[in-house]
Amino acid sequence: MKFSNGCWLQKKGTECFTPQQVYFSRNEKDCVTLCAPTTRINRRGDTLGGVNLTIKISSPMPEVIRVQTYHYMGVAAKTPEFEITVDENTNMQAAENDAEIIVSSGSLKLVITKQNWSMTYERDGRQLTKSVLRDLAYMKTDWKGLAYDDGGEDNTYMRQQLSLSVGELVYGLGEHFTPFVKNGQTVDIWNADGGTSTEQSYKNIPFYITNKGYGVFVNHPEQVSFEIGSEHVTKVGFSVPGESLDYFFINGPTMKEVLTRYTDLTGKPSLPAPWTFGLWLSTSFTTNYDEATVNTFVDGMLERGIPLRVFHFDCFWMKDFCWSDFTWDSRVFPDPVGMLQRLKEKGLKICVWINSYIAQESTLFKEGMEGGYFIKCPNGNVWQWDMWQPGMAIVDFTNPNACKWFSDKLEALLDMGVDCFKTDFGERIPTDVVYYDGSDPIKMHNYYTYLYNKTVYDLLERKRGKGEAVLFARSATVGGQKFPVHWGGDCWSDYESMEESLRGGLSLMMSGFGFWSHDIGGFENTSTADVYKRWAAFGLLSSHSRLHGSSSYRVPWAYDEEAVDVVRFFTKLKAAIMPYLFKTAVDTSKTGVPTMRSMVLEFTEDKTCHYLDKQYMLGDCILVSPIFNDNSMAEYYLPAGTWTNYFTGEKTEGSRWITEKHGYLSIPLMIRENSVVAIGACDDKADYDYADGVQLKVYELAENKATGTVVYGLDGAKDLEAAILKREGKIFIKVSGKKAYSIRLVNETVAGAVNAVIVIEGKDTVLTPHTGVTEIVCEMN
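Read on for a plain summary of the structure. Values in this document were obtained by computation on a predicted structure and should not be read as measured data. (Residues numbered from 1 in each chain as written. Predicted model: local features only at pLDDT ≥ 70, side-chain atom pairs only at ≥ 80, totals over all residues. Heavy atoms only, no water.)

## Examining the overall build of the protein chain
Convention followed: Secondary structure elements follow DSSP: runs of H or I of four or more residues count as helices, runs of E of two or more count as strands, with numbering from the N terminus. Using C-alpha atoms as the atom set, the radius of gyration is obtained and then compared with a globule rule of 2.2 Å times the number of residues to the power 0.38. We call a residue buried when its accessible area falls under 20% of the maximum for its residue type, exposed when it is over 50%, and partly exposed in between, using a 1.4 Å probe and counting protein chains only.
Helix and strand content of the protein chain: 11 helices and 49 strands. Here the C-alpha radius of gyration of the protein chain, 28 Å, is about what a compact globule of 781 residues would show, namely 28 Å. The principal-axis extent of the C-alpha atoms belonging to the protein chain is close to 90 × 70 × 45 Å. Evaluated residue by residue, the protein chain yields a buried proportion of 63% over its 781 residues.

Here is the structure:
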């Protein structure tokens, strides 16, 4: 939200009240409180009126500083609030002299000047960002700038502006399809159902991260308005309506460490079960289908040798006009229990579409209305409208009885054989309503999705066990990363939409989310066979992979026979790299660093990487560059180092752009130097014993730079651990594990090895350890 009129003036009808000085301070246990009047106090009479700001500074965990600014502290607290984890034992330190107050948390400091007001965040004595006069401010206007009508007459806001230095770039704020670098953009944190080609977003997150290695989390579920170099080009501004502002300043120093600390605060991405990484196939949305159609799809995939792991029934598994009633449409699915059993006998997991909207024609509408399970109007009526489903109501998840009622309906489906749910929608949540627990409807607009997805995820954990729960969710807010997986929403079926989908996904995964998917081939309309095949390669090198459309099927033979080959090839490729990918997923669940990483996140020091949004790192080691054109040309950038083509073994020196042509059974898949990529012995399913027969592919070892990897079992426990070091003409290998494995030194031949059998295959050396051996030493040529 913009308040200024150029550099010196405010907009007409705007008043700005900004701290002038620290009049006094209180250093209490774990908190420093400042009295910051917005007029300079020169004499006693100056204290008798005017706007005063109370500022509380604390540290919820090391390397994180929290700043809470209040005008009126007597305003009643309103729910909901984000679920935040706070370390009660943080060692915050505060010091004060005549000129400054210094609050320290680890290597992070906040320095506040007491007379000429300023706030400077420093790391190891170097300035990260600064807020000066008129940046932190209480704003009053005679105009409104919100995405909703709050019905009030008081237009008050609290704002902070933090400086941007030369070359500093901003990322994150959720899944946004606008430019990846957010500088120059206005971003309003207000969830909307707007597709992937507009400024609207299904997943708004009030958290940003910069390439200077710090992040800012604004702790407000309601609308937060960000001006990222768009009001003042050297500042990020963020404002919220009301009388207070609460934000966390999060230190790195690396961008990865910022994400780790942010997810320490808001929750780590849960680890999805290994089977979820396999290929998902959908009925699509408005297509016609019955059990025979479904069997045609499933059998067609199996007959063509395409490993399929999950089958998804979209909306019309329920009767039209009745969504959601969680009852199979008996006209097309007369024997759902038998059908699900028959599908599961083919090795499939089952997903069904749901949402939390209950149509008036649903058998559940009367039940929900009489039970008080729906969001209501101020006059006590059930809130209804005619968009999506005529006369639909919305389940009120602030009511524990409504949560149980909703869960009970889904539990019956789980007992029937369903394994997981696609939790669609949750964005168009009205604000002129009343909630069971009195929650503020403005705050609930964005927060609703958290309660919705949490209710379903908790049910799945209870019924299927921890580690088996998975959603396919569209909407999200802060903390939603705890309930994976999320997909990118409704995109068109062309290269532009494929590109914007990746851009949105990378933006989301710079915002604390660890796993992400998208509709392979696009959702709206039907893509060309060319687009479908390129999108299949991209989709099957994403953390999660689903074939899904709107009005047409997404089985590959609907496009051409080569599409069958492409889907088969990349599905098998993904299955083969699952030991590596699942290790990446386990790391994500522990650190909050995403599986799919923007280039700036992995190579922050390489300035060329700062704007790259059409390629990504899949884990630490694998660079993926999808092809976005119909002339088969790939264009991508390799950072410094020696990179190896996964398919051909060809080596390429980095610090340069590459342009090359690729057939449909190829994609730029480049392995970083000094990497160990674990390849499984199975390529026909995503979930198998990853350690049994695994091959550790070792790429371009660096002198005296240790590397290695871990292979996890399906239960997330370590099955194998390897450490490798190249030093003075020898390669030292230590492996702990009880199952058979081999090691492939890619593009490396050795003269001899202790404790292993050597086989030379082309330019590679394959080492098979002697039984019971844990250490191998290779003599290099």
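## Some remarks on the packing of aromatic side chains
To keep it simple, the criterion reads: Centres within 6.5 Å are what make two rings of Phe, Tyr or Trp a pair, Trp counting through its six-membered ring; a difference in plane orientation under 30 degrees is then read as stacked, over 60 as edge-to-face, and the rest as tilted.
A complete count under the given rule lists 60 aromatic pairs for this structure. Both rings, one in Tyr-289 and one in Phe-333, keep their centres 6.3 Å apart while their planes meet at 40°; by these two values the pair is tilted. Taken together, the residues span a long stretch of sequence, with Tyr-289 in the loop between β22 (279-282) and α2 (291-303) and Phe-333 in the loop between β23 (310-313) and α3 (336-344) at a distance of 44 residues. There is no split in this pair, since Tyr-289 and Phe-333 are both buried. Centroid distance Phe-313 to Phe-333: 5.6 Å. Interplanar angle 85°. Geometry classified as edge-to-face. Here the residue Phe-313 occupies a position in strand β23, and Phe-333 occupies one in the loop between β23 and α3, the gap between them amounting to 20 residues. What links up through ring pairs into an aromatic cluster is the set Phe-82, Phe-207, Phe-217, Phe-248, Tyr-262, Tyr-447, Tyr-450, Tyr-457 and Phe-483.

## Things to note about the packing of helix α8 (residues 529-539) against helix α9 (residues 561-576)
Helix packing for two helices is described by the angle between their axes and how far apart those axes are. Heads up, the rule is: For helices, the axis comes from a line fit to the C-alpha atoms of the stretch in contact; other axes are also lines fit to C-alpha atoms, and the angle between any two N-to-C directions lies between 0 and 180 degrees. What sets the label is the angle itself: under 35 degrees gives roughly parallel, over 145 gives roughly antiparallel, 65 to 115 gives roughly perpendicular, and the rest give oblique. Contacts between residues were defined by any pair of non-hydrogen atoms, one from each residue, lying within 4.5 Å.
Where α8 meets α9, the axes come as close as 9 Å, and the angle between the chain directions of the two elements is 5°. Here α8 is positioned roughly parallel relative to α9, judged by the angle of their axes. Judged by residue contacts, Tyr-532, Lys-533, Ala-536 and Ala-537 of α8 engage Glu-562, Ala-563, Val-566, Val-567 and Phe-570 from α9.

## Details of the sheet that holds strand β7 (residues 64-70)
What holds strands together in a sheet is hydrogen bonding between their backbones, with the strands either parallel or antiparallel. Let me state the cut-off plainly: Here a strand pair is declared whenever DSSP counts at least two bridges between the two strands.
Strand order in this open sheet of 8 strands is β4-β5-β6-β7-β21-β18-β17-β15, and the pairing throughout is antiparallel. A single partner strand is all that each edge strand has here, and the edge strands are β4 (24-28) and β15 (170-174). For this sheet the average axis-to-axis angle between neighbouring strands, irrespective of direction, equals 20°. Direction of pairing for β4 relative to strand β5 (residues 31-37): antiparallel, over a ladder of 5 bridges. Each bridged residue has a counterpart across the sheet, and for Ser-25 the counterpart in β5 is Leu-34.

## Description of the sheet that holds strand β31 (residues 545-547)
The sheet built from 6 strands is open, its strands ordered β27-β24-β23-β22-β31-β30 with parallel pairing. Each of the sheet's edge strands pairs with one partner strand only, and the pair in question is β27 (420-423) and β30 (519-520). Helix-sheet contacts for helix α6 (residues 441-464) involve β24 (349-354) and β27, and the interaxial angle to β27 is about 175°.

## Things to note about helix α4 (residues 364-371)
As a reminder of what qualifies: Think of the arc as the fan of directions from the helix axis to the C-beta atoms.
Looking only at α4, the buried set comprises Leu-364, Phe-365 and Gly-368. End-on, the buried residues of α4 take up no more than an arc of 105°, which puts them together on one face. Opposite the packed face of α4, turned more than 90 degrees from it, sit the exposed residues Lys-366 and Glu-370. Looking at the buried positions of α4, the neighbouring elements they touch are β25 (357-358), β26 (393-394) and α5 (400-416).

## Some words on the side chain of Glu-222
Inclusion rule: Here a polar contact is recorded for every N or O atom pair within 3.5 Å, except that within protein the pair must consist of a potential hydrogen donor and a potential acceptor, and residues adjacent in sequence are included only if both atoms are side-chain atoms.
Considering the arrangement of structural elements, one finds Glu-222 in the loop between β18 (214-218) and β19 (225-228). Glu-222 gets classed as buried once you look at its relative accessible area, which sits at 7%. A distance of 2.9 Å separates a polar atom in the side chain of Glu-222 from a polar atom in the side chain of Lys-443.

## Some thoughts on the environment of Phe-313
Judged by relative accessible area, Phe-313 falls into the buried class, the value being 0%. Sequence separation between Phe-313 and Gln-389 is 76 residues; the distance between their C-alpha atoms is 18 Å. Excluding its chain neighbours within four sequence positions, the residues that come into contact with Phe-313 are Thr-283, Val-294, Trp-328, Phe-333, Met-339, Leu-340, Leu-343, Ile-350, Cys-351, Val-352 and Trp-353.

## Quick word on the packing of helix α7 (residues 495-508) against α8
Threshold: A clockwise turn of the near helix away from the far one marks a right-handed crossing, whereas an anticlockwise turn of less than a right angle marks a left-handed crossing. The residue classification treats Ala, Val, Leu, Ile, Met, Phe, Trp, Tyr, Cys and Pro as nonpolar and Asp, Glu, Lys and Arg as charged. All others, Gly included, are polar.
Relative to each other, α7 and α8 sit at 15°, their axes nearing to 10 Å. When the interaxial angle is binned, α7 and α8 end up roughly parallel. Between α7 and α8 the crossing geometry is right-handed. Along the contact surface, α7 presents Tyr-495, Ser-497, Met-498, Ser-501 and Leu-502, while α8 presents Asp-530, Val-531, Arg-534, Trp-535 and Phe-538. Residues belonging to the contact of α7 with α8 are distributed by class as follows: 6 nonpolar, 2 polar and 2 charged.

## Some points on the environment of Ala-359
By secondary structure assignment, the location of Ala-359 is in the loop between β25 and α4. Of the residues examined, Ala-359 reaches a relative accessible area of 0% and is grouped as buried. On a C-alpha basis, the gap between Ala-359 and Trp-643 in space is 55 Å, while along the polypeptide they are 284 residues apart. Excluding residues within four positions of it along the chain, Ala-359 makes contact with Phe-321, Cys-322, Trp-323, Ser-324, Phe-365, Gln-389, Pro-390, Gly-391 and Met-392.

## Remarks on the side chain of Asp-246
Topologically, Asp-246 is positioned in strand β21 (residues 244-251). On the basis of relative accessible area, Asp-246 is assigned to the buried category, the value being 9%. Of the polar contacts made by the side chain of Asp-246, one reaches the side chain of Arg-66; its length is 2.6 Å. Aside from chain neighbours lying at most four places away, what touches Asp-246 is Arg-66, Val-67, Gln-68, Phe-217, Val-218, Asn-219 and His-220.

## Topic: unusual backbone geometry
Residue Thr-79 is joined to Pro-80 through a cis peptide bond whose omega torsion reads 5°. Note on placement: Pro-80 falls in the loop between β7 and β8 (93-96). The amide bond that connects Trp-323 to the next residue, Ser-324, takes the cis arrangement and shows omega of -10°. As for its placement among the helices and strands, Ser-324 is situated in the loop between β23 and α3. If you check the backbone angles, Ser-284 has positive phi at about 75° while not being a glycine. Position of Ser-284 relative to the elements: it lies in the loop between β22 and α2. Given a relative accessible area of 0%, Ser-284 falls into the buried group. Of note, the phi angle at Glu-728 is positive, near 50°, even though the residue is not glycine. As for its position among the elements, Glu-728 is in the loop between β43 (718-727) and β44 (730-737).

## Quick word on the state of the cysteines
To be explicit about the condition: In plain terms, two cysteine sulfur atoms within 2.5 Å form what is called a disulfide here.
If you walk through the whole model with that rule in mind, you get 0 disulfides. Cysteine Cys-35 is unpaired, with the sulfur of Cys-31 as its nearest cysteine sulfur at 14 Å. Given a relative accessible area of 13%, Cys-35 falls into the buried group.

## Side note on α3
For α3, the complete set of buried residues consists of Pro-336, Gly-338, Met-339, Leu-340 and Leu-343. Buried positions along α3 lie against α2, β23, β24 and α5.

Interpretation note: all reported values are geometric properties and have no functional meaning in isolation.
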